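Examining the three-dimensional arrangement
These are the residues of each chain, in order.
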Amino acid sequence: MEREEKKQTERKEWPAPPDEEGDAYSFTNKRRAMLMETAAGPDFLGKLETEESPPLGVSLCSEHTDTWAPSIVSSSSSSLPCLSPPLPPSVGLDGVLVEERLVLDVYRGGAEVLPVFWEFVQERMRGLQYLRLGSEDEGALERALRVLPRLTQLRSLAIRGCRFHDPQGDPLPGLLSSLPDSVSSLSLLVHLDLSFNRFSSLPSCLLSFSHLSELLLCHNNLTTLPEGIGALASLRRVSLLGNRLVDLPQDLGLLCGLEELDVSFNLLEKLPDELGQLQNLQRLELSNNKLRALPETLGSLRSLRQLLIQSNDLRSVPDCLHSLPMLDKLDVRNNPLGRPPTPPLLAQLTPVVEDSEIPELHLRFNQHSFQVSPAGCHVFLPGGAELLFPRQCVGVVTQLQWAEKRPDRKWVWLEEHDVLLSRQLELRPHGATFQKLVGVCIPYRKTRKGDVVVRRFDGQSWTTLTTMTRRGSDKHSCRPGGRPARLACCSVSQFSWFVAVCCPFLDSCSVSPEGALLVSQCDPGIKLSFPPNCTAETRTVTLQVLQVALSEVQDLTGDPHASAGPLLRLSQTPSMHFLQPIRVQVPLPPGVTGHMVDLSRLHLMHGDPTAHTWTDVTAQVSLYVTHIYAVFFITHFSWYWLWYTTHRCVSGVVRKMYHRLKQFRVRFLALQRKNDPEQILLQCLPSDKAESRLESLADQYEGPQPSELCVLLEGEQFFAGFERGIDINSDRPDCKDGRLSFTFYSHLKNIKEVYVCATHPVQTTVRGQVSFYRGEVPSDLPEEVARKRKGHDDQWMATLPLRIPINMHMIKWSTHLESFVKQKSEIDGSISGELNLGDPESGYLTQTNLLSISLRINQEWQNIGINLGMSYEQLERIRHQHRDNFGAQVLAMLFHWARGQQGTGPGAVQRLMTALVDSGRRDLAEEVEDIVTLGKRKYEESLKRVGLETPVTSTEPQSS
C-alpha cells in the first residue's frame, strides 16, 4: 500500500509524457537543446524539475563534451541511462547504482550524472543510502549539490578530492569550499567524508546532523571549529588531520560518545581542559603539532587505549598518563623531553630582525665574481638562484665565484626513475669552509609527482642533501614580469657543484617489536600495518610508490578495460622475513570498485629487482578487496604491483610496462629562422608539449611538423646529423664526426641553434635533412651512406627535411668579405696584423671568428652595440655611412667595438657574450662560449705538445 501511494504521489509530481507524435518530437528536441546548452548552466536543475520525463525510446545526445554532458540512451522497456562520458561506454546504470549504493568518485567528472539519475530513475534514487562523489570538477559538483538535499534517505556521503591526477602526476585538488544550508535535510546521515577539499570553516548545516557518527574533514584549510560542535552528540569518530587548527573549542568535551579523535598535522599549541570529559575516548592522535604541554585532565580518560603525541614541542609528559588503566600505546617520539625550556620569545626574534637587514646583491649575467663580508649577504644570481650568507659566516671579506654549466652526464648522478630539474650550479672556491651554514637555493622547473632534492658533488662522490622547497623572493624573478622561481634549498658549509633532482617519494619508518604503521605521502590510501611481534629487533623499512597512467596501460595491453594500481617498491634493513604477516593496503586500479570487480582478472604481481622478473602471486597470498581498496598479507619485502586485465600471461606485459615507466615519449623539432634560413633550431621535448612549442615559435621560425613519437631515457645521449648536402658551419666542441651531441633531460629545454651551409658550391636550392640518432656514433658505416644518408640503422630515430635557398650562404659570405676588405682600412686600419679579441688563456676570438659572428647578427645589431657600451651617435654614424649595405653596418659596429678593446686586458669576450644575451641572442652567446672553450682546449693541447704546460688545479668534476 505504501509503495502504491508513493507511486501515485510521484505521478502527480511528474506528469506523464505527451502521447501525440508531434508533441513527443517537440518535447525531445527541447530536452536535447536543454542538455546541450545548459548542462553547465545554473538553471539546469530547475528545468529538470519543471519538465516532464521524456517518452520511452527517446535518445538524447550532447556533443558538449567540455562539461561532461552525458548522453542518455533509453531502452524500449525502461529509461536506463547510458552515460559516456564521464562513465566508460561499458558501464551503465546497474554498474554504478547497486541496491542502495551509488559510486561516482572512481570516474573523473562522475558527479555530472547525479542530476540525470535523479530525473530518470527518481524512484530508485529516493531510497539511496550510500553516495560517493569526486570534487575535482566545479561545474559538475555545483549541479550535484542541487540534487543532494532531495536524497533524504542517505546514511553515508563522501565528497572527496585528490581522486585523480593531472598529466604531471599531481593530484587534482578538491574544489568544495562550502555546503548549501539545504543539505541539512539529510537528517539520517551517519557517515560524512569531506576530505581533500577547501573548507576554511565547518559548514553550519553539519550541526543539524543529530545521527552523525563519523565526520572526516582531513586535508582542508580549517583554522577553527565552532563552539556548537557539541550538538553532534552521536559522533563516535572525528578526523581533522592535515588542517590549520590553532586551538580546539571547549564544546568538544560535550561529545560524550566520541571514541576516536585525530587532530594530527595541525598547528595546535594547547588543548582545552574539557578534553578530559571524553570518557569513551579510546584513541587520541595529536602528533605533528606545536604542543608545549598537555592538560592534567587527560588523566580522566579512563577508556583511552592509544595516545600518539610524537613530533611536538613537549618537554614533559603528565604523570597521570601512566596511571590510565587501558592505555597500551603511548608514542612520544621526536619531542625534546627533558630539555630546558626554549628561550624567551624576544631572544628568538633578535636574529630574525638582523637577518632582515642583511644587504642584498643582484648579479648580472656577466658578473661571475662577488664579495661577501662578515655582515653577510643575500645574493641573487641570474636565472633565479639565491645564496644566503648569514652574519659572521666569514671572518674577512672573501672573494667568491659562481658558474652555471650545461648538463653533462659526467656531472650528473641519477638513480632509476630520477629526473634532472636544473643545470649544474658551480660555486667556488671548492672546499673552503664557512663559519656558519650557507643557504644554496637552486631554481627548478615544475616536476611530476615526487620529492625534489639537491645533490652535491664534492669532486669524488655525490651526496643527497636535506632539501626544502619554496618560491623565490618577490624581488627576484627568473623572467622579467614573471613569478618568482621555484627553489630547492639546502644548507652547506663548503662550496662545490649542485643540481636539483626529482626522485620518487620515499617513506620510511622504524619497526620495533611493538609494531608500527607506515602511510605513503604519495597516496594516504597506501598503508603498511606491522602487527606486534612481527620482528624480534628493530628494523628500518622503506616504501617507494610509482604511479602509472591508465592510458599507458591500455595502450600497451590493447585491453580497453585494463588498469593498474601504483607500483610498491618495499625494502628493509636488515633484510629478513617478518615473523608475522604484514598487512598491505593499496587502492584498487582506476575504474575498479569492490562491488563490480571480477576477481579472476585481478593479479598481484611480485617483482624481483635483481633478476628483473615478475611473477603472479595472487594464489599464494591472502588477498581480499573492500569497496575501493585491496588488502593482502606478506612476510617478504620486494616489489608488488596490482593489475586488472584479461591477459592470461601478465608477466610479460608487466615487465614491458615497468620499462616504459623509465622512458619518455618525445618528438624532435627542426625549424629555420624566417629572416635567416641558415640558422637552424633543434629541440627534443616531451610529445605533449611539441604542438604548443611549435605555435610559440611560429612568428620567428618555420619548418616541418614535429617528428613521429620516439622514446628516450632520462640522461640518454643522442645526436643530430645534417645530411644530403648540408653541414654545420662552425667548429664546435659538442660536434663529433659531423654530428651534434645532445643529452636528453625531460625537464630541461634540450635545445640548440646552429648555422648550416652547403657542403659544395651549388647554384640551386639545397634540399637536405637532419636525422636524429641515439647512442654513440656508429663506426662501421659505409662512406657513401655516411656522406649522404646514414640510413635506418639501430641508432636512427627520426629524420626531418631542411631547405636552404639558392646560394644564400655564398652570397652572404662574398658580400660580407667584400665589405670587410673594402672597409678594413677604415674600421681597424690602425691595427697591424689581424684584429683578434681576448687572449688564449681566458678566452680568444680570432678575426675570422668575429666575421663569422657578424653573419649571425640581424636587425638587433644596434641593441648589441648599445649593450657593448657604444654611443647612439656612433651607431647612427655607422648606419648612415653604410646605409646601402646592411652587412657592412653589422661588421663596422662589431669591429669598431673590438678595436677599442685592444689592450684593455682580459674580459672582452665575456663582455661580448653578455651583450648578446642582453640583446636576446643567447644562442649566439652560447656559440661564442663554445668557440672559446674549443680554443682554450686547443691552446692547452699545444702547450702540452711542446712541454710548456703549467700545473693547474682542475675545476671540473671527474666522473664518479
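Criteria and thresholds
- Residues numbered from 1 in each chain as written.
- Predicted model: local features only at pLDDT ≥ 70, side-chain atom pairs only at ≥ 80, totals over all residues.
- Heavy atoms only, no water.
- Helix = DSSP H or I, 4+ residues; strand = E, 2+ residues; numbered from the N terminus.
- Areas by Shrake-Rupley, 256 points an atom, 1.4 Å probe, with all protein chains shown as cover.
- Buried < 20%, exposed > 50% of the residue type's maximum accessible area, 1.4 Å probe, protein only.
- Contact = heavy atoms within 4.5 Å.
- Core = buried A, V, L, I, M, F, W, Y, C linked by side-chain atoms within 4.5 Å.
- Axes fitted to C-alpha atoms, helices over the stretch in contact; angles between N-to-C directions.
- Parallel < 35°, antiparallel > 145°, perpendicular 65-115°, else oblique.
- Left-handed = near helix turned anticlockwise from the far one by under 90°.
- Nonpolar A, V, L, I, M, F, W, Y, C, P; charged D, E, K, R; others polar.
- Pairing = 2+ DSSP bridges.
- Salt bridge = Lys/Arg side-chain N within 4 Å of Asp/Glu carboxyl O.
- Disulfide = S-S within 2.5 Å.
- Phe/Tyr/Trp six-rings, centres within 6.5 Å; stacked < 30°, edge-to-face > 60°.
- Lys NZ or Arg CZ within 6 Å of the ring centre and 35° of its normal.
- pLDDT = per-residue confidence, 0-100.
- Expected span 1.5 Å × (residues − 1).
- Patch = residues over 30% accessible without salt bridge, like charges linked within 9 Å, V, L, I, M, F, W, Y side chains within 5 Å.
- Lys, Arg positive; Asp, Glu negative; His and termini not counted.
- Charge placed at Lys NZ, Arg CZ, Asp CG, Glu CD.
- Polar contact = N/O pair within 3.5 Å; in protein donor to acceptor, adjacent residues only side chain to side chain.

1. As for the overall build of the protein chain
- Check the secondary structure of the protein chain and you find 19 helices and 50 strands.
- Here the protein chain has roughly 45300 Å² of accessible surface; of this, 50% comes from carbon and sulfur atoms.

2. Quick word on the side chain of Gln544
- Tracing the backbone through its elements, the reader meets Gln544 in strand 30 (residues 539–546).
- According to the relative accessible area criterion, Gln544 is buried, its value standing at 16%.
- When sequence neighbours within four positions are dropped, the list of residues in contact with Gln544 reads Pro504, Phe505, Leu506, Leu567, Leu568 and Arg569.

3. Quick look at the nonpolar core
- Core analysis: the biggest nonpolar cluster contains 78 residues, and Leu102, Leu114, Met125, Leu131 and Leu148 have the highest contact counts within it.
- Sorting the residues of this core by element identifies helix 4 (93–96), strand 4 (101–103), helix 5 (114–120), strand 5 (130–134), helix 7 (138–147) and strand 6 (156–160) as the ones contributing at least two each.
- Per element, the largest residue contribution to this core is five residues, and it comes from helix 7.
- Excluding residues that lie within four positions of it along the chain, Leu131 makes contacts with Leu102, Leu114, Leu148, Leu151, Leu154, Ser156, Leu157 and Ala158.
- Core analysis: the second largest hydrophobic core is formed by 59 residues, Leu387, Leu425, Phe498 and Cys710 among them.

4. Things to note about the packing of helix 14 (residues 847–856) against helix 17 (residues 886–900)
- Packing of helix 14 against helix 17 leaves a shortest axis separation of 9 Å and a crossing angle of 140°. The angle between the axes of helix 14 and helix 17 places the two elements in the oblique class. Handedness of the crossing formed by helix 14 with helix 17: right-handed. Within the contact between the two elements, helix 14 uses Gln847, Leu850, Leu851, Ile853 and Ser854 and helix 17 uses Val890, Leu891, Leu894, Phe895 and Ala898.
- Residues of the contact of helix 14 with helix 17, tallied by class, amount to eight nonpolar, two polar and no charged.

5. Section: the sheet that holds strand 10 (residues 260–262)
- Taken in spatial order, the 11 strands of this open sheet run 3-4-5-6-7-8-9-10-11-12-13, and their pairing is mixed. Each edge of the sheet is formed by a strand with only one pairing partner; in this case those strands are strand 3 (97–98) and strand 13 (329–331).
- In terms of strand pairing, strand 6 meets strand 7 (residues 191–193) through three bridges, oriented parallel. Paired with Leu157 across the strands is Leu192, a residue of strand 7.

6. Comments concerning the pattern of salt bridges
- One pass over the full model with this rule turns up 25 salt bridges.
- Taking the shortest distance from any N to any O, the salt bridge between Arg160 and Asp193 comes out at 2.9 Å. One end of the pair, Arg160, is in strand 6; the other, Asp193, is in strand 7, and 33 residues separate them in sequence. Pair check on accessibility: Arg160 and Asp193 agree, each one buried.

7. Details of the pairing of strand 39 (residues 676–686)
- Of all 11 residues making up strand 39, 11 are buried, and the element is well covered by its neighbours.
- Both strand 38 (residues 663–673) and strand 39 contribute to a ladder of eight bridges, which runs antiparallel. Across the sheet, residue Phe668 finds its bridge partner in strand 39, namely Cys684.
- Connecting strand 38 to the next strand, strand 39, in antiparallel fashion are two residues.
- In the sheet, strand 39 pairs with strand 46 (residues 751–758) via five bridges, with the strands oriented antiparallel. Along strand 46, the bridge assignment pairs Leu682 with Lys752.

8. Some remarks on the sheet that holds strand 24 (residues 468–471)
- The six strands lie next to each other as 14-16-17-21-25-24, forming an open sheet whose pairing is mixed. Edge positions in the sheet fall to strand 14 (360–362) and strand 24, since each has one partner strand and no second. Taking each pair of neighbouring strands and ignoring which way they run, the sheet shows an average axis angle of 25°.
- Taken together, the three bridges between strand 17 (residues 386–389) and strand 21 (residues 433–444) define a ladder with antiparallel strand orientation. Paired with Leu387 across the two strands is Val440, which belongs to strand 21.

9. Describing the pairing of strand 27 (residues 506–511)
- Every second residue of strand 27 is oriented toward a common face, the buried set being Asp507, Cys509 and Val511 and the non-buried set Leu506, Ser508 and Ser510.
- In this structure, strand 27 lies alongside strand 30, joined through six bridges in antiparallel fashion. Its bridge partner lying in strand 30, Cys509 is registered against Val541.

10. A closer look at the state of the cysteines
- Taken as a whole, this structure holds zero disulfides when the rule is applied.
- With no disulfide of its own, Cys490 has Cys441 as its nearest cysteine by sulfur position, at a separation of 7.5 Å.

11. Considerations on the packing of aromatic side chains
- In the structure shown here, the tally under the stated rule is 19 aromatic pairs.
- An angle of 55° between the planes, with centres 6.2 Å apart, marks the rings of Phe530 and Phe637 as tilted. With Phe530 in strand 29 (residues 527–530) and Phe637 in the loop between strand 36 (629–634) and strand 37 (639–644), this residue pair connects regions lying 107 residues apart in the sequence. We note that Phe530, like Phe637, is buried.
- Chaining the aromatic ring pairs together yields one cluster made of Trp614, Trp639, Trp641, Trp643 and Tyr658.
- Taking the ring centre of Phe578 as reference, the NZ or CZ of Arg539 above it sits at 4.2 Å.
- Sitting above the plane of the Tyr773 ring, Arg739 keeps its charged end 3.6 Å from the centroid.

12. Regarding the confidence of the model for the protein chain
- When pLDDT is averaged across the protein chain, the result is 78; 78% of the residues are at 70 or more.
- Throughout residues 825–833 the model reports pLDDT below 50, and contacts reaching past four residues in sequence, or to other chains, amount to 16 contacts.
- Contacts of residues 951–960 to residues separated by more than four positions or lying in other chains number 19 contacts, the stretch itself having pLDDT below 50.

13. Side note on the environment of Gln769
- Structurally, the position occupied by Gln769 is in strand 47 (residues 766–774).
- Take Gln769: its relative accessible area is 8%, and that puts it in the buried class.
- Taking the C-alpha atoms as reference points, Gln769 and Asp727, separated by 42 residues in sequence, lie 9.7 Å from one another.

14. Notes on helix 17
- With 15 residues, helix 17 extends 22 Å from end C-alpha to end C-alpha; this agrees with the ideal 21 Å at 1.5 Å per step.
- In terms of burial, helix 17 is a largely internal element, 11 of the 15 residues being buried.
- Those residues of helix 17 that fall on the buried side of the exposure criterion are Gly887, Ala888, Gln889, Val890, Leu891, Ala892, Met893, Leu894, Phe895, Trp897 and Ala898.

15. Digging into the environment of Leu845
- Tracing the chain through its elements places Leu845 in strand 50 (residues 843–845).
- C-alpha separation for the pair Leu845 and Val909, spaced 64 residues apart in sequence, amounts to 7.4 Å.

16. Some words on a positive patch on the surface
- Together, Arg445, Lys689, Lys749 and Arg922 line one region of the surface with positive charge.
- Counting through the fold element by element, Arg445 comes out in the loop between strand 21 and strand 22 (451–457).

17. Notes on the environment of Leu114
- By the secondary structure assignment, Leu114 is in helix 5.
- Classification of Leu114 by relative accessible area gives buried; the value is 0%.
- When sequence neighbours within four positions are dropped, the list of residues in contact with Leu114 reads Leu102, Leu104, Met125, Leu131, Leu133, Ala144, Val147 and Leu151.

18. Quick notes on the side chain of Gln572
- Tracing the backbone through its elements, the reader meets Gln572 in strand 31 (residues 563–573).
- On the accessibility criterion, Gln572 (10% relative accessible area) is buried.
- A polar contact is formed between the side chain of Gln572 and the side chain of Arg539, at a distance of 2.5 Å.
- Polar contacts involving the side chain of Gln572 include one to the main-chain carbonyl oxygen of Met576, which spans 2.8 Å.

19. A word on the packing of helix 16 (residues 872–881) against helix 17
- Where helix 16 meets helix 17, the closest approach of the two axes is 9 Å, and the angle between their N-to-C directions is 140°. The hand of the helix 16/helix 17 crossing is right-handed. On helix 17, the residues that touch Gln874, Leu875, Ile878 and Arg879 of helix 16 are Gln889, Ala892, Met893 and His896.

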